[in-house]
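This is what each chain is made of:
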Amino acid sequence: MAEREHVRVAVIGSGFGGLGAAVRLRREGITDFVVLERAGSVGGTWRDNTYPGCACDVPSHLYSFSFAPNPEWPRNFSGQPHIRAYLERVTDTFGIRPHLRFDSEVLALRWDADRLLWELETASGPLTADVVVSATGPLSEPSVPDVPGLDTFPGKVFHSARWDHDYDLRGKRVAMVGTGASAIQIVPEIQPEVRRLTLFQRTPAWVVPRADRRISHAEQWLHAKVPATRLLRRGLLWGIRELQVGMFTKRPSDLRILERLAASHLRKAVKDPALRAALTPGYRIGCKRILLSNDYYPALTRPNVDLVTSGLAEVRGSTLIAADGTETEADAIVFGTGFRVTDQPIGRLVTGAEGRTLAEEWKDGMAALRGATVAGFPNFLTIIGANTGLGNSSMILIIESHLNYLIDYMRQLEILGGPSHKAALDARPSAVGAWNRRLQARLARSVWNTGCASWYLDAGGRNTTAWPGSTTEFRKVTRRVDLTEYQVLRVPSTAGSARPAAEAAR
């Protein structure tokens, strides 16, 4: 049997997390790695989401790598094409292309305890790796509800993250299911074109004004020629958000001022009292993701738009039936129902040291040490893992912190394994448990745990998604690997499985 190709590191995914990992590995002098991408190009969620109006709700100068500034962002909140182009540029600038393996979806990963390595099965062939970095991200697998009768619908059905550009919505009766971040961008874009737009809203969202504008050529020139101005702009954007953290994590009542802003925004756009009441949330702002839009509310007031204040419960042919009994005829259904965040499908593919999959390990909820490692899964790191999500700032800041942790992890393996690299780190269950208990205690008083149902919470009502602190704090707790939180595994000199080092790591 032919030997499998072996690499030092296998990175899964080529979005912000995967490309960032590739850049940092190269900078560390580690070039024996591959980036496994299931699609045919880089970009992750910014490649997959091409729906009308797709844009980021974090300011562009904060939603970019600190090591790859872009003085040419065209708007405060840039659209999907510009963000994807940025990621392509990062790929070329930092020489990542030779490491990319496209059309290489990962089908299975299994830890080999005897050889201290991961065996990977991919669509382009098998390989092994000393370290696996999962950068699939929480927004990679669309979530489509299991609606009875959906398979009987004679029209077109697709998710916002898998937009069918070959299907013309003009003149059609379209049902939009969901009122999240994608839906509020889609609705204003398609409303002028469709014959009838019906929005199925289980729960209204808090929407605040979007302070978007074109960034002038003069500003772009200044940011390019005087980097200090770009750094100042990024610093101000970051600082304002750091000052807001306490309201989300400790003092949810302080968010009332933002709630009043959102209520005023709604009053100005929607004059009909009944429609305004239907669009007014009954929960504290921030409990669900706060949305930004200037044109969502106006679109809902147009004569060809109907709001159904209930979720889609059943489909009978071309008739859609809401939970409250409302019936609607449609030619197309667009699901803007988010992603599988708390039950990420990759968990079923990863089998650890004890023969359990990551999904089995997480059957009672995701938990990871510093959001990066899981007990029983040696040398497996996640970029944007459990409890690393933010409610008010840029996830690129979290990604870069995790990249710091990855690089120190690699340095520790180099020291512990010597020239042969035959060492692995396995998070101690006690360390993972202690870390998670501290997080859950802090989250108990956060706005995300104030009672609404959101994607921050898993099926058991546990918050496995949000980080209850500032990005500064996260950067601090992921700056170095604490070896006392890990068992050090080495290949024994005699036959048998790898075992913990005789002495606890210090």
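Residues numbered from 1 in each chain as written. Predicted model: local features only at pLDDT ≥ 70, side-chain atom pairs only at ≥ 80, totals over all residues. Heavy atoms only, no water.

Visitor: How should I be thinking about the layout of surface pockets in this particular structure?
Guide: Empty pockets left among the atoms are what a rolling probe the size of a water molecule brings to light. In this structure, the second largest pocket spans a volume of roughly 280 Å³. Every residue lining the second largest pocket is counted, 14 residues in all, and those nearest its centre are Gly53, Ala55, Arg210, Asp212 and Asp295. Grouping the amino acids of the lining of the second largest pocket by side-chain chemistry returns four nonpolar, five polar and five charged. (1 Å grid on protein atoms, 1.4 Å probe; cavity = no way out; pocket = protein on both sides within 12 Å on 5 of 7 lines; lining within 4 Å. Points joined across faces, edges and corners; volume = space filled by probe spheres on them. Nonpolar A, V, L, I, M, F, W, Y, C, P; charged D, E, K, R; others polar.)

Visitor: Explanation requested: the side chain of glutamine 412 in the structure shown.
Guide: As for its position among the elements, glutamine 412 is in helix α11 (residues 395-417). Glutamine 412 has contacts with Leu425, Val481 and Leu483, leaving out every residue within four places of it along the chain. (Helix = DSSP H or I, 4+ residues; strand = E, 2+ residues; numbered from the N terminus. Contact = heavy atoms within 4.5 Å.)

Visitor: Would you explain the state of the cysteines in this entry?
Guide: What makes a disulfide is a covalent bond joining the sulfur atoms belonging to two cysteines. Summed over all chains, the structure comprises one disulfide. Of all cysteine sulfurs, the one in cysteine 54 lies closest to cysteine 56, which takes part in no disulfide; the gap is 8.9 Å. We classify cysteine 56 as buried; its relative accessible area is 5%. (Disulfide = S-S within 2.5 Å. Buried < 20%, exposed > 50% of the residue type's maximum accessible area, 1.4 Å probe, protein only.)

Visitor: I'm lost on the sheet that holds strand β8 (residues 173-177) in this one. Help?
Guide: As summarised here, the arrangement of the five strands in space is β7-β16-β8-β9-β12, forming an open sheet in which the pairing is parallel. For this open sheet the edge positions go to β7 (156-159) and β12 (305-308), each flanked by a neighbour on one side alone. Looking at each pair of strands side by side, their axes are set apart by 15° on average, direction ignored. Of the pairings in the sheet, the one linking strand β9 (residues 196-200) to β12 comprises four bridges and is parallel in character. Its bridge partner being in β12, leucine 199 is matched across the sheet by leucine 307. Those strands touched by helix α4 (residues 183-190) are β8 and β9, and its axis lies near 165° from that of β8. (Pairing = 2+ DSSP bridges. Axes fitted to C-alpha atoms, helices over the stretch in contact; angles between N-to-C directions.)

Visitor: Explanation requested: a nonpolar patch on the surface in the structure shown.
Guide: On the surface, a nonpolar cluster with roughly 280 Å² of combined accessible area is contributed by Trp221, Leu222 and Val226. Along the chain, the position of valine 226 falls in the loop between α5 (217-225) and α6 (227-249). (Patch = residues over 30% accessible without salt bridge, like charges linked within 9 Å, V, L, I, M, F, W, Y side chains within 5 Å. Areas by Shrake-Rupley, 256 points an atom, 1.4 Å probe, with all protein chains shown as cover. Salt bridge = Lys/Arg side-chain N within 4 Å of Asp/Glu carboxyl O.)

Visitor: Can you help me understand the side chain of aspartate 426 in this one?
Guide: On the secondary structure map, aspartate 426 appears in strand β19 (residues 423-427). The side chain of aspartate 426 sits in the buried core without any salt bridge; arginine 356 is the nearest counter-charge, 8.8 Å away. Here the side chain of aspartate 426 touches glycine 376 through a polar contact of 2.8 Å, landing on its backbone nitrogen. Residue contacts for aspartate 426: discarding those within four places in its chain leaves Val374, Ala375, Gly376, Phe377, Pro378, Glu485, Tyr486, Gln487 and Leu489. (Lys, Arg positive; Asp, Glu negative; His and termini not counted. Polar contact = N/O pair within 3.5 Å; in protein donor to acceptor, adjacent residues only side chain to side chain.)

Visitor: I tried to follow the pairing of strand β1 (residues 5-12) on my own but got confused; where do I start?
Guide: If a strand is regular, its side chains alternate between the two faces of the sheet. Counting buried residues along β1, six of its eight residues qualify, which places the element largely inside the surrounding structure. Here β1 pairs with strand β6 (residues 125-134) via seven bridges, running parallel. Paired with glutamate 5 across the strands is leucine 127, a residue of β6. One ladder, built from four bridges, connects β1 with strand β2 (residues 33-36); its direction is parallel. Paired with valine 9 across the strands is phenylalanine 33, a residue of β2. Considered for its hand, the β-α-β crossover made up of β1, helix α1 (residues 16-27) and β2 is right-handed. (Right-handed = clockwise from strand over helix to strand, strands pointing away.)

Visitor: Just to check I follow, could you spell out the nonpolar core for this structure?
Guide: General note: in soluble globular proteins, nonpolar side chains tend to be found buried as a group. By size, the foremost hydrophobic cluster in this structure holds 115 residues, and its most contacted members are Phe16, Phe65 and Leu425. Per element, the largest residue contribution to this core is 13 residues, and it comes from α11. Apart from residues no more than four positions distant in its own chain, leucine 425 is found in contact with Pro378, Asn379, Tyr409, Gln412, Leu413, Leu416, Val481, Leu483, Tyr486, Gln487 and Val488. In this structure, Leu127, Ile346, Phe377 and Ala424 belong to the second largest nonpolar core, which totals 26 residues. (Core = buried A, V, L, I, M, F, W, Y, C linked by side-chain atoms within 4.5 Å.)

Visitor: Could you clarify how one ought to interpret the packing of aromatic side chains in this entry?
Guide: In this description, a pair of aromatic rings is defined by centroid distance and the angle of the planes. As enumerated under the stated definition, the model contains 17 aromatic pairs in all. Ring geometry for tryptophan 46 and tyrosine 63: centres 5.9 Å apart, planes at 75°, overall edge-to-face. Of this pair, tryptophan 46 sits in helix α2 (residues 45-48) while tyrosine 63 sits in the loop between α2 and α3 (80-93), and the two are 17 residues apart along the sequence. When its relative accessible area of 13% is taken as the criterion, tyrosine 63 is described as buried. Pairing tyrosine 409 with tyrosine 486 gives two aromatic rings, centres 6.0 Å apart and planes at 80°, and the pair type is edge-to-face. Of the two residues, tyrosine 409 is situated in helix α11 and tyrosine 486 in strand β20 (residues 486-490); the sequence distance between them amounts to 77 residues. One aromatic cluster in this structure is built from Phe16, Trp46, Tyr63, Phe65, Phe67, Trp73, Tyr86 and Phe94. Of note, lysine 172 hangs over the ring of tyrosine 167, and the distance from its end group to the ring centre comes to 5.2 Å. One residue, arginine 442, lies across the ring of tryptophan 467, its end atom 5.7 Å from the ring centre. (Phe/Tyr/Trp six-rings, centres within 6.5 Å; stacked < 30°, edge-to-face > 60°. Lys NZ or Arg CZ within 6 Å of the ring centre and 35° of its normal.)

Visitor: I would appreciate a short explanation of the confidence of the model for the chain in the present structure.
Guide: Close reading of the predicted structure is inappropriate where its pLDDT is low. Residue-level pLDDT values for the chain average 94, and 96% of them are 70 or greater. Below a pLDDT of 50 lies the segment residues 501-506, which in the model reaches seven contacts outside its immediate sequence neighbourhood of four places, other chains included. (pLDDT = per-residue confidence, 0-100.)

Visitor: Could you clarify how one ought to interpret the environment of glycine 338 in this entry?
Guide: Here glycine 338 is to be found in the loop between β16 (332-335) and β17 (350-351). Under the relative-accessibility criterion, glycine 338 is labelled partly exposed at 25%. In sequence terms glycine 338 and isoleucine 215 are 123 residues apart; their C-alpha atoms lie 30 Å from each other. When sequence neighbours within four positions are dropped, the list of residues in contact with glycine 338 reads Pro142, Ser143 and His159.

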